[in-house]
Amino acid sequence: MTSIVKLFVASPDTHSERRFDPHVSIEQLKAKLELITGIPVQNQKISLHNGDADSQVIAQLDDDAKPLGYYSVRDYQTIKVVDTNPSTSFTGQLSDVSQVEKFELSDDAYAQRTDSVLAYKQRHKVGRFAPPSTEPNPEPAVNIPIGSRCEVESTEPGLKKRGTVRFVGHTEFATGLWVGIEYDEPMGKNDGSLKGVQYFTCRPNYGVFVRPAKVTVGDFPVEEIDFDDEEI
């Protein structure tokens, strides 16, 4: 038998690994366990187990005169200490939060406090107490010169809608920036006017208004329509 044995000590409020001399008597062991678990010697009921989760008792350490080694203890077994009279000690009270008086504050009482997070946010106008922003969101810069040739994005495969930029700016029919384009072909929707306001002038059905993101400025020549000799 080795001179030292390593055992786990478990009680309602504690769990730790300890080293014991196997020659120590159970009476002496109980005195040590009182310092470890807080359970008075006279209240201790000690049992030996193979592990914390093992409910099977290997031995009851109830003979104060016998040495610990008498029970053939091995390293990393568990000594479980039960308090037979917890009403005379603090056993279980340290981990039982149900006995702790809780501080409660109503919503109205909390709202009247001046030292709360809510009061801080109200004073400094933070979060939901911040004033609404009056500054409009900045619009992205648009480099679409009036008079430049362009091509407009089309949802129809193979269809190229080319034309000339005639207007860039804000309108009365919708918010944000719009680009007015005079198409090379009558693929538009208006004559440069919309809802009674003339933004530029072109032939009917040659004008259209689109968002800047749909416009590509570049060297887009007018596409000439070639007729087949067999078609007139």
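Here goes a summary of the coordinates provided. (Residues numbered from 1 in each chain as written. Predicted model: local features only at pLDDT ≥ 70, side-chain atom pairs only at ≥ 80, totals over all residues. Heavy atoms only, no water.)

**Some details on the pattern of salt bridges**
Working step 1: For the structure shown, the criterion picks out six salt bridges.
Working step 2: For the salt bridge of Asp64 with Lys30, the shortest nitrogen-to-oxygen distance reads 3.1 Å. Of the two residues, Asp64 sits in the loop between strand 4 (59-60) and strand 5 (77-83) while Lys30 sits in helix 1 (residues 26-37), which places them 34 residues apart along the sequence.
Working step 3: For Lys30, a relative accessible area of 11% gives the class buried.
Working step 4: The residue Lys66 makes a salt bridge to Asp63 at a minimum N-O spacing of 2.7 Å.
Working step 5: Residue Asp63 is classed as partly exposed on the basis of its relative accessible area, which comes to 25%. (Salt bridge = Lys/Arg side-chain N within 4 Å of Asp/Glu carboxyl O. Helix = DSSP H or I, 4+ residues; strand = E, 2+ residues; numbered from the N terminus. Buried < 20%, exposed > 50% of the residue type's maximum accessible area, 1.4 Å probe, protein only.)

**A few points about unusual backbone geometry**
Peptide bonds are trans in most cases, and residues, glycine excluded, mostly fall at negative phi.
Working step 1: Residues other than glycine seldom take positive phi values, yet Ser72 does so here, at roughly 55 degrees.
Working step 2: Turning to its location among the elements, Ser72 is positioned in the loop between strand 4 and strand 5.

**Side note on the environment of Pro212**
Working step 1: Within the secondary structure, Pro212 sits in the loop between strand 11 (207-210) and strand 12 (215-217).
Working step 2: Excluding residues within four positions of it along the chain, Pro212 makes contact with Val142, Ile144, Leu177 and Val179. (Contact = heavy atoms within 4.5 Å.)

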